[in-house]
Amino acid sequence: MRGIDLAALSKTQKLRLEKALEELESLSSKVNSDASVTIADSIAVNHEDAILKGHGTADLNGEVVATLCGIVERVNKLIYVRGLRSRYKPEVGDIVIGRVVEVVQKRWKVEINYSQDAILMLSSMNMPDGVQRRRTAMDELNMRSIFEEKDVVCAEVRGFQHDGLHLQARSQKYGKLKGGQLLTVPPYLVKRQKQHFHHLEEYGFDLILGCNGFIWVGEHIEAKDDMVEDQVNQSEPQVLLPNKNATNLEEQEKNYTELETRKYICRAANAVRVLSTLGFNITLEIIKGIIELSLSLNLDIHEMLSSEFCVVVAEKEAERRKSNKRRR
Amino acid sequence: MSSLKRKTSEEEDNGRQVIQRSDDTVACVHDVSYPDGYVIPVPNQQQQQQQQQPAKTFPFSLDPFQSQAISCLEKGESVMVSAHTSAGKTVVASYAIAMSIRNAQRVIYTSPIKALSNQKYRDFKEQFSDVGLMTGDVTIDPNASCLVMTTEIWRSMQYNASPVTREVAWIIFDEVHYMRDRERGVVWEESIVMSPKNSRFVFLSATVPNAKEFADWVAKVHQQPCHIVYTDYRPTPLQHYLFPSGGDGLYLVVDEKGKFREDSFQKALNSLVPAGEGDRKRESAKWQKGLMLGRGGEETDIFKMVKMIIQRQYDPVILFSFSKRECEFLAMQMAKMDLNGDEEKDNIEKIFWSAMDMLSDDDKKLPQASYVSNMLPLLKRGIGVHHSGLLPILKEVIEILFQEGLIKCLFATETFSIGLNMPAKTVVFTNVRKFDGDKFRWISGGEYIQMSGRAGRRGIDERGICILMVDEKMEPSTAKMMVKGAADSLNSAFHLTYNMILNQMRSEDGNPENLLRNSFYQFQADRAIPDLEKQIKTLEKERESIVIEEEDSLKDYHDLLEQHRSLNKEVHDIVMSPMHSLIYLQPGRLVSLQCTSSDVDVPTIFTEDQLTWGLVISFEKVKSVSEDDASIKPEDAKYNVDVLTRCVVRKDKLGKKSVKIVPLKDVGEPRVVTVPLLQINTISSLRVYIPKDLLPLEARENTLKKVLQTLSRSNEKGGVPLLDPEEDMKIKSSVYKKASRRIEALESLFERHEIAKSPLIKQKLKALQMKQELTAKIKSIKRTLKTSTALAFKDELKARKRVLRRLGYATSDNVVELKGKVACEISSADELTLTELMFNGVFKDIKVEELISLLSCFVWQEKIHDAAKPREELDLLFVQLQDTARRVAQLQLECKFYNAITSSFFLDHEKQVQIDVESFVKSFRPDIMEAVYAWAKGSKFYEIMEITQVFEGSLIRAIRRLEEVLQQLILAAKSIGETQLEAKFEEAVSKIKRDIVFAASLYL
């Protein structure tokens, strides 16, 4: 409900929206509704048992108090507080999208909506030529040929090291993202899933749901099979050539994205925006559903951001969840 | 070309070897496995010229297999080198390292054992200097170009996606045949499958017959060519001798050309076994004692052996035995011997004490108990002991002394046979059987090869000598298998662990199914498929080739026959049951017997049982060993009947007698044989007088003659009168009546059957039976085919995932949850039980020392029989641990139980999946809790050694592993944000990490 400009809604729209949201609320499980805490609330525990105090808790005069606004979660004897609407909190193995803010010694600093910038080491990137080798001083000088400032990159959280949060790019599908849009949503709307990379073949674009609330919608790029080509340049490590002024016409032509695809990218982006305004979880299925909905209603891309469509989406979602529940 | 060169150089420096070499013309076999659809790149001229300069030159001329392997490396392609330990595989490894350093690439060298890693680190450090070491215990220069590590470390580096994985161009897996290790082998498979796609491999392995298969797998998984260089070549040829127990000579059984000498083998065995058969058992028991104690003051065999070896100048010698205790015991028997001169003694003392100087004064006291007082004098006389129970430092001192040639006679366990080049002139096997966890078994050909590989020092000895001490009568084939046996093939020992599944699930690309699909296990299973299909096809063809006319009615008839037969058997069993028949088995009763059929395999359905007659002498109850005799009713017990009949007695080669019952008119001697009651076919109503004394042959012959007469007389009258079951024997059970009525009905059916009258009925039935057997065979092969086409371990993976879900480690969408993330970190102990303990807050309340003591249960596996129970508070903790373990095991059992129901198809897999709750709980052993508690409290090591009777080395290894587990727990606590617990684990590490337990290796 947050962030929706209620004034822009007509009276009937307002009513419809409220009804839909109410319905949704009634559908949601009530398990944790009484477990929400704010900062300095004490958490009821059985002091006879040994308890483990996890994230978001602290010991104050023998009482366990919350240091976060959120939901109290319990796993066996472990108690921790899951923040409600906070910045992104990285976990090992998360897929994140970020923006390069700085190129420094052997590493890029990447903004990922965390309390500090993440570090992407040069050595944590696969070399563009696919050769396995130690990084040289030459490579270091040419780091900008891989990522420059303001590039959007996709990576995996590797873990905390002594000097901060480290990212890594395991394979070729990680790395620089281009030919698309970056959207930022509150991180809690993106749930951790098995798959965060999606390729929507029918529309011809890629969707990457970063756990940090950065979402990428962009032209589909075929994952390169780097096996064959590197056979040839095996033993002669290529020196990376800076291609700073490679933005000539030819390059542009190569980077040209078809209009049709671009339209779909925009549709998907708007779908994410609608979901973010409504505060709905963002998953592949829902985004697909909204794109289809907008197409079936014959809406223009910009019309997807209208208040009417927003209400329709809310209603549809309420309906969908209701039928899901019934089916169960 | 190169092999030719080698030969000429050999000719020059050693005339003797030429003769030997001329008959093995192929010094090495080279082969390449290409992945499917691989295009061989055209060699680039320019590139080739660049590579003219070798990365490393060696001061000696290379063996053909070495230069072959190196040329593969220069091409930038993976290679698998399979050769004997002494052949010099290390050359290939060092070349790969040199090449990588030249190309500014990283290279990783992994070995299965920490000690071996330490030694290799020292070796490579001398050669290349840019070398680092990472084992669980120590990390040195992790940024070096060449990293030496254990395979486990490499695996966890890959799971953690260390930047090293992106820089490594070459990965060297030493002793890769460790992959067949039941417990740890899976680590190699994981590591190889997960290795970076663009890296190249060097596999060094003992000789394995299926090296090609392994290379095919690597080629397939990594889509790159993989070369195989295989050689059987030994730089020094071996002679194999037998030393029979109690004897005093050596018998050459395999000469240096590899010829097995049957005659001298027989001689050896004959001198071993005394004439009598019956006391074989006693003999071998005596032998065991003889080995240990010596017979009444005589010299023990082992003493004689060593004396002989020294006299013949076959030293230095390594004597392998299969237990640590035996090793020490044997060494103690050498106390009287002195093999070293004064100068050598001084040297030994110098080396020994300079090594011991590393230890603190308190720790120096430690070896006092058994070692400095016992060991040093022993060492000074040139006798050493080497096994995993020794203090690591002492073990290393002994290795160094051995390499220096100061130890002439080393008693070692199998562990000495792998790793660094430490050859002797002679190798002795003090036993030919080893205990492999469940039972004693003969050592395999592969193990024999591995251990005998220590015999013969290159460039010093003309040939190596291998002596096998045999204590039991071995079949020549067993012995042949051992001394001339093929190497063990490299088979996958893949199995799933929770840690593996969770780690795979955690990463976006990871997928446990993928790992399974790429495993060597799956590869080997898939490989069997075409073979199985072919088998099915040939069998089916064979089946079709059997054409039978009127098959349906014949089948009908066959079924009837079968029924008739089984009914007859039923009736027979009733009639011959002890309850009915015993009273008629008086001495002299004439009974008919089944002859022992000459060929057991002949299908018996249509052959009439051959019957003969005999006289009952007596009968007796078969004594069952376990049960109480009184509790069995006479009717239920089994009986044997002694019958006088005609037999043929044969003796086979080994003197085992076999008695065959033959028809009375055949040739043979009259003899009283014991047969089970059921072998008696029918009981006649006749009795014949038997003389009192049957011992003289004549008496028996006469009696049988009388029997024959009686029989022929009654045959004239129309058959021998038999006891009628109903009238004479008064059998009135309804089962009997029913069965006999059905037999009658069936017999009337036979009459009506047309086909029965066909003249070729017997042949036809035979054909039909063959056909049915083929069908059954095809069916069973098809079943195995089905199991192997399915993804191996698929069901187990499902079950394990279910366990993870139930325990809340992962969601149904395979997303790893908080608990799962903790379990991900724990790879050195049982991850589920440990995680559960942690989440149940068990670690929270207890003191640090108690925590350490509790964790010791996770790392200790040896069984100690009379271990003292730990004190109460520790025992209480242990009970808590057991409860948790039981819960975990119970849950696993439940989850897998579903599995067993839903897929009744995979019969073998079910068995694998079932876990025994109690044995799982018992796998946590509290034996060293007290000792570790004391260590954590700050006791000196010699003090805690007084508490337990375990070997020092074992305890040290356990504490080191405990530290590993603690390090993993620190990471785990960090990931759930429990800072107090994290601090507690840190404190625990600082408490145990001190003094002798973590003393650095001498090799560093």
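Residues numbered from 1 in each chain as written. Chains lettered and ligands numbered in written order. Predicted model: local features only at pLDDT ≥ 70, side-chain atom pairs only at ≥ 80, totals over all residues.

**A short note on the overall build of chain B**
- Along the backbone of chain B there are 40 helices and 24 strands.
- For chain B, the proportion of its 1004 residues judged to be buried stands at 40%. (Helix = DSSP H or I, 4+ residues; strand = E, 2+ residues; numbered from the N terminus. Buried ≥ 20, exposed ≤ 12 C-beta atoms within 10 Å, placed from the backbone.)

**Considering the overall build of chain A**
- Across its full length, chain A holds seven helices and 16 strands.
- Across the 328 residues of chain A, 33% fall into the buried class.
- In chain A, the proportion of contacts linking residues at least 24 apart, taken out of those at least 6 apart, comes to 65%. (Contact = placed C-beta atoms within 7 Å.)

**Section: unusual backbone geometry**
All names here are of chain A.
- Of note, the phi angle at N298 is positive, near 60°, even though the residue is not glycine.
- By the element assignment, N298 lies in the loop between α6 (284–296) and α7 (307–327).
- N298 gets classed as exposed once you count the C-beta atoms within 10 Å, which come to 7.

**Section: helix α10 (residues 211–222) of chain B**
Residues and elements named next belong to chain B.
- The end-to-end C-alpha distance of α10, which contains twelve residues, comes to 16 Å, matching closely the 16 Å that a straight helix rising 1.5 Å per residue would cover.
- Among the residues of α10, those classed as buried are A211, F214, A215, W217, V218, A219, V221 and H222.
- Just past α10, the residue Q223 takes up positive phi, approximately 50°. (Expected span 1.5 Å × (residues − 1).)

**Things to note about the sheet that holds strand β18 (residues 464–470) of chain B**
All names here are of chain B.
- Taken in spatial order, the seven strands make up an open sheet running β11-β10-β18-β15-β12-β14-β13, and their pairing is mixed. If you trace the sheet from one side to the other, it starts and ends with β11 (251–254) and β13 (383–386), each paired once. Averaged over all neighbouring strand pairs, the angle between strand axes comes to 25°, with direction disregarded.
- The sheet contact formed by strand β12 (residues 317–320) and strand β15 (residues 426–429) spans four bridges and is parallel. (Pairing = 2+ DSSP bridges. Axes fitted to C-alpha atoms, helices over the stretch in contact; angles between N-to-C directions.)

**Quick look at the UniProt feature "domain: Helicase ATP-binding" (unreviewed entry) in chain B**
- Feature annotation in UniProt assigns "domain: Helicase ATP-binding" (unreviewed entry) to the following positions: residues 70–226 of chain B.
- When the span residues 70–226 of chain B is considered, its composition is 43% helix and 22% strand, and the gap between its end C-alpha atoms is 13 Å. (UniProt positions renumbered as here; feature names shortened; annotations may be inferred.)

**Looking at the environment of B:C824**
Residue and element names in this part refer to chain B.
- Following the sequence through the fold, C824 ends up in helix α30 (residues 818–825).
- Under the C-beta neighbour-count criterion, C824 is labelled buried, with 29 such atoms within 10 Å.
- In contact with C824, not counting residues within four places along its chain, are N499, L502, N503 and R506.

**A closer look at the nonpolar core**
- With 222 residues, the main nonpolar core has B:A96, B:I172 and B:L468 as its most contacted residues.
- Once you skip the residues sitting within four places of it in the chain, B:I172 turns out to touch B:A93, B:A96, B:V107, B:I108, B:Y109, B:T110, B:V202 and B:L204.
- Among the nonpolar cores identified, the runner-up in size contains 58 residues, and A:V96, A:F205, A:L207 and A:I265 belong to it. (Core = buried A, V, L, I, M, F, W, Y, C linked by C-beta atoms within 7 Å.)

**Quick word on the interface of chain B and chain A**
- If you look at the interface, chain B gives 39 residues, while chain A gives 40 residues.
- Those elements that provide at least two residues to the side of chain B that touches chain A are α8 (164–167), β7 (168–173), α30 and α32 (842–845) of chain B.
- Take the side of chain B that touches chain A: its biggest share by element is three residues, from α30(B).
- Of the residues assigned to the side of chain B that touches chain A, the class counts are twelve nonpolar, 14 polar and 13 charged. (Nonpolar A, V, L, I, M, F, W, Y, C, P; charged D, E, K, R; others polar.)

**A closer look at the sheet that holds strand β2 (residues 78–82) of chain B**
Residue and element names in this part refer to chain B.
- Read from one edge of the open sheet, nine strands run β1-β9-β2-β8-β7-β3-β6-β4-β5, paired in mixed fashion. Two strands close off the open sheet at either side, each with one partner strand: β1 (29–33) and β5 (139–140).
- Where strand β4 (residues 131–134) lies against β5, two bridges are found, and the strand directions are antiparallel. Bridge pairing in β5 links M134 to T139.
- Where helix α6 (residues 114–128) meets the sheet, its contacts fall on β3 (106–111), β4 and β6 (146–150), and the angle it forms with β6 comes to roughly 170°.

**Concerning α6(B)**
Residues and elements named next belong to chain B.
- Compared with the 21 Å implied by 1.5 Å per residue over 15 residues, the 20 Å span of α6 between its first and last C-alpha is a close match.
- Taken as a whole, α6 has its buried residues at K114, A115, L116, S117, N118, Q119, K120, Y121, F124 and K125.
- Where α6 is buried, its residues meet α5 (90–102), β3, β4 and β6.

**Considerations on the pairing of strand β9 (residues 226–230) of chain B**
Residue and element names in this part refer to chain B.
- A large share of β9 lies buried, amounting to five of its five residues.
- Neither face of β9 is exposed, since C226, I228 and Y230 on one face and H227 and V229 on the opposite face are all buried.
- Pairing between β1 and β9: five bridges, direction antiparallel. Note on β9: the bridge partner recorded for H30 is V229.
- Relative to β9, β2 runs parallel, the two being bridged by five bridges. In the strand pairing of β9, S82 is matched with Y230.

**Concerning the packing of α5(B) against α6(B)**
Residues and elements named next belong to chain B.
- Two elements in contact, α5 and α6, have axes whose closest approach is 11 Å; the angle formed by their N-to-C orientations is 45°. Classified by the angle between their axes, α5 and α6 sit oblique to one another. Handedness of the crossing formed by α5 with α6: right-handed. When α5 is examined against α6, the residues S94, I97, A98 and I101 are found in contact with a partner set consisting of F124, Q127 and F128.
- Here the residues of the contact of α5 with α6 are counted per class, giving five nonpolar, two polar and no charged. (Parallel < 35°, antiparallel > 145°, perpendicular 65-115°, else oblique. Left-handed = near helix turned anticlockwise from the far one by under 90°.)

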